[in-house]
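Remarks on the overall topology
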Amino acid sequence: MDLGTPVFLPWIPLFRSARAMAKTTADVLFERLLAWGVDVIFGLPGDGINGFMEALRTRRDRIRFVQVRHEEGAAFMACGYAKFTGRLGVCLATSGPGAIHLLNGLYDAKMDGAPVLAITGQTYHDLMGMHYQQEVNLIGLFEDVTVFNQQVNGPKHAHSLVDVACRTALSMRGVAHLNCPNDWQELTDEASSDMMVPGHTAVAWRPPIVVPQAETIKTAAAILNATKRTVILAGQGAMGAGETLERVADALGAPIVKALLGKATVPDDSPYTTGGIGLLGTLPSEKAMEECNGLLLVGTNFPYMSYLPKPGQAKAVQIDRDPTRLGLRYPIDIGLCGDAGATLEVLLPLLKRRQDRSFLETAQNRMKEWWDLMKTREERDDDPLKPQVVARHVNDLLADNAIVTTDSGTITTWAARHIKIRRGMHFSCSGNLATMAPGLPYANAAQVAFPDRQVVAFVGDGGFTMLGCEFITAVKHNLPIKVVVIKNNVLGQIKWEQMVFLGNPEYGVELQPIDFVKFAEACGGVGFRCEQPEEVRPALEMAFQSKKPALVEAVVDPFEPPLPARATPKQALHLAESLARGEPNRVRIATTLFRDKVTEYVK
């Protein structure tokens, strides 16, 4: 016999066929995710997840794999998907460096209460602890960011772990993590311990609707009825309960103040809202908080306590699904642990309609003045172009069911104050983490989830350039998102914080200019530029009419300050100190501030 003849070759197809019949760990994992209703996964391939990728390839007609350009983008997309849909967002990354890249997006999900499942690879099971290439203790690394964090040890283990991971992430609205060694992803060994009963877990789960005890509700109603000047502070936990929230506001004669993540709880044109609170907020909201003697907090973890009534000033009731957050920000008189919408529904019939409407009417009159001021800033024809002008034209072109995302920085001020959310729209950004870069990935995720809706990312040049590569993701997957980049060539928020909060001259904040139009075109999308007020509308219209991913580069005044609604004497002093200590742009800044005030007084 010719020893060089490969006599075993005829058996290879049979071997492959038999192997194909046995389900691998990866097969079981993704089959179980399908049972949980997961139909899209955001990720980037790597050699630590080849088994997972093969399982996805063979299920590509049932589960969509959205290839990203950076794992951080995958985690942000999973977070954004969860925020906009209420469903589980899933991201996938390889071992070591790929998994590490997920962390910022996963912390964004953790801190904003978005249910996300992260799946990661690991080195070969029998080389763990041997300092092998790309080995990182991922279970230890992910411990702080997760509510569930386990290693998958085989097919039967995968079945039950997926059930627990999904249920935990959804129930606790947090991050679950499943890690699996590379070689075990293709494991088909059916051996299990004597205590394992196959199929002992289930996908049965429904979101709980929790309502506090009747006596607690009665006490809360009595407290609110006894107050005369009540303010409602609503956060993202009140999403979906907007109409009930407005009925409560009507009964109490109470203005609704919105935390940033609660911007879409009620429309910005609602007669009951005074808009946002905090550095990005409105003056009517600040004054309402200062003058109230009653406070109803609904689904909010608003962190800036200095903008709330002084402790002891107001009788307070808080509604939150998480009992550990009751009384966290303000010394409440009673806490209602429950779902915001359901709790408001049972509270509402016990509230007495307030006859004295003066507190609400005063807030409404102030809000009219505030909108007049915002209109003045939005209609300016100054050169250089003001970012508020761009926001006004974006507003005019938004569809009634548009989804708007934004980023962290000065852009958040312009979005919070000048992007007007109407009923039926969605809005989100990075809330408690306040990280830069999620605006674009959020938009991609929203377009994946809602292919027929208009999706607009209103972002700054600093945040956009951090994960601008995800514009290529939009092109690759035919996601016709619209990206409006407010370009001022500076890390604006940091610049103004250095000056206004510390009294220091700006340092290390200038950005190297980028031609974003050429970048968009190089990626395969389309790009448009505007630098003058009269160029804004045509550029936006062309972008919004495009069927491709489209970008508008709006070159704006870098010296336009994102000042708080009411600057404190300390902030004014710090700004003066900064100019006196050698601020390199002190003449331009002083001139801009002077012209802004003159324009507002003249108009």
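Attention here is on the structure that accompanies the text. Please read all numbers here as calculations on a predicted model, not as lab measurements. (Residues numbered from 1 in each chain as written. Predicted model: local features only at pLDDT ≥ 70, side-chain atom pairs only at ≥ 80, totals over all residues. Heavy atoms only, no water.)

**Observations regarding the overall build of the chain**
Broken down by element type, the chain carries 22 helices and 18 strands. For 603 residues, the compact-globule estimate of 2.2 N^0.38 gives 25 Å, and the C-alpha radius of gyration of the chain, at 27 Å, lies within 12% of that figure. For the chain, the spread of C-alpha atoms along the three principal axes comes to 100 × 60 × 45 Å. Expressed as a percentage of its 603 residues, the buried residues of the chain come to 55%. Taking the intrachain contacts of the chain between residues at least 6 apart in sequence as the baseline, contacts between residues at least 24 apart amount to 76%. As presented, the chain carries roughly 25800 Å² of accessible surface, and 55% of it is formed by carbon and sulfur atoms. Put simply, the chain has 62 plus and 66 minus side-chain charges, and the middle of one group is 5 Å from the middle of the other. (Helix = DSSP H or I, 4+ residues; strand = E, 2+ residues; numbered from the N terminus. Rg over C-alpha atoms; globule rule 2.2 N^0.38 Å. Buried < 20%, exposed > 50% of the residue type's maximum accessible area, 1.4 Å probe, protein only. Contact = heavy atoms within 4.5 Å. Areas by Shrake-Rupley, 256 points an atom, 1.4 Å probe, with all protein chains shown as cover. Lys, Arg positive; Asp, Glu negative; His and termini not counted. Charge placed at Lys NZ, Arg CZ, Asp CG, Glu CD.)

**Digging into the pattern of salt bridges**
Throughout the structure, instances matching the rule amount to 32 salt bridges. Between Lys83 and Asp112 there is a salt bridge; the shortest N-O distance is 2.8 Å. Of this pair, Lys83 sits in helix α4 (residues 71–85) while Asp112 is found in helix α5 (residues 97–112), placing the two residues 29 residues apart along the sequence. Of the two residues examined, Lys83 and Asp112, each falls in the buried class. Note that Glu246 and Arg423 form a salt bridge whose closest N and O atoms lie 3.2 Å from each other. Highlighted residues: Glu246 in helix α9 (residues 242–252) and Arg423 in the loop between α14 (410–418) and β14 (426–428), separated in sequence by 177 residues. Salt bridges sharing common partners tie together Asp27, Glu31, Arg59 and Arg62. (Salt bridge = Lys/Arg side-chain N within 4 Å of Asp/Glu carboxyl O.)

**Things to note about the sheet that holds strand β5 (residues 146–151)**
Spatially, the six strands line up as an open sheet ordered β2-β1-β3-β4-β6-β5, and their pairing is parallel. Strands at the two margins of the open sheet, each flanked by one partner only, are β2 (64–67) and β5. The sheet shows a mean angle of 20 degrees between the axes of neighbouring strands, direction not considered. In this fold helix α2 (residues 25–35) packs onto β1 (40–43), β4 (116–122) and β6 (175–181), with an angle of close to 175 degrees to the strand it touches most, β4. Contacting β1, β2, β3 (89–93), β4 and β6, helix α3 (residues 50–57) crosses the sheet at an angle of about 130 degrees to β3. (Pairing = 2+ DSSP bridges. Axes fitted to C-alpha atoms, helices over the stretch in contact; angles between N-to-C directions.)

**Focus on the nonpolar core**
Counting 51 residues, the largest nonpolar core has Phe42, Cys91, Leu106, Val116 and Val483 as the members making the most contacts within it. Broken down by element, the residue count for this core peaks at nine residues, all from α4. (Core = buried A, V, L, I, M, F, W, Y, C linked by side-chain atoms within 4.5 Å.)

**Description of the packing of α2 against α3**
Packed helices, taken two at a time, are described by the angle between their axes plus the distance between the axes. Closest axis-to-axis distance for the α2/α3 pair is 8 Å, and the angle between their directions is 55 degrees. One finds that α2 runs oblique with respect to α3. Seen along the crossing, α2 lies across α3 with a hand that is right-handed. Facing Ala26, Asp27, Leu29 and Phe30 of α2, the residues of α3 in contact are Gly51, Phe52, Ala55 and Leu56. Residues belonging to the contact of α2 with α3 are distributed by class as follows: six nonpolar, one polar and one charged. (Parallel < 35°, antiparallel > 145°, perpendicular 65-115°, else oblique. Left-handed = near helix turned anticlockwise from the far one by under 90°. Nonpolar A, V, L, I, M, F, W, Y, C, P; charged D, E, K, R; others polar.)

**A short note on the side chain of Asp163**
As for its position among the elements, Asp163 is in helix α7 (residues 155–172). A polar contact of 2.9 Å, which involves the side chain of Asp163, links it to the side chain of Trp36. Residues in contact with Asp163, not counting those within four places in the same chain, are Arg32, Trp36, Thr201, Ala202 and Val203. (Polar contact = N/O pair within 3.5 Å; in protein donor to acceptor, adjacent residues only side chain to side chain.)

**Focus: the sheet that holds strand β17 (residues 526–530)**
Here we have six strands laid out as an open sheet, ordered β14-β13-β15-β16-β18-β17, and parallel in their pairing. Since the sheet does not close on itself, it has two edges, and those belong to β14 and β17, each with one partner. Across the sheet, the mean angle from the axis of one strand to that of its neighbour is 15 degrees, orientation sign disregarded. Sheet topology note: the strand β13 (residues 403–406)/strand β15 (residues 455–460) ladder contains four bridges and is parallel. Opposite Thr405, over in β15, you have Ala457 as the bridge partner.

**A few points about unusual backbone geometry**
Going from Asp383 to Pro384, the amide bond is cis rather than trans, its omega being 10 degrees. Looking at the element boundaries, Pro384 is found in the loop between α12 (358–378) and α13 (387–397). Although it is not a glycine, Gln134 adopts a positive phi angle of roughly 65 degrees. The exposure class assigned to Gln134 is partly exposed, which follows from its relative accessible area of 31%. Unlike most non-glycine residues, Arg173 shows phi in positive territory, near 45 degrees. Residue position: Arg173 is located in the loop between α7 and β6. Its relative accessible area of 30% is what places Arg173 among the partly exposed residues.

**A short note on a nonpolar patch on the surface**
Together, Ile209, Val211 and Val346 line one region of the surface with nonpolar side chains, adding up to about 260 Å² of accessible area. Of note, Val211 is situated in the loop between β6 and α8 (214–226). (Patch = residues over 30% accessible without salt bridge, like charges linked within 9 Å, V, L, I, M, F, W, Y side chains within 5 Å.)

**Things to note about the pairing of strand β16 (residues 482–487)**
Among the six residues that make up β16, six are buried, leaving the element largely enclosed by the rest of the structure. The two faces of β16 match: Lys482, Val484 and Ile486 on one face and Val483, Val485 and Lys487 on the other face are all buried. Pairing of β15 with β16, which is carried by five bridges, proceeds in the parallel orientation. Bridging from a neighbouring strand, Gly460 pairs with Ile486 of β16.

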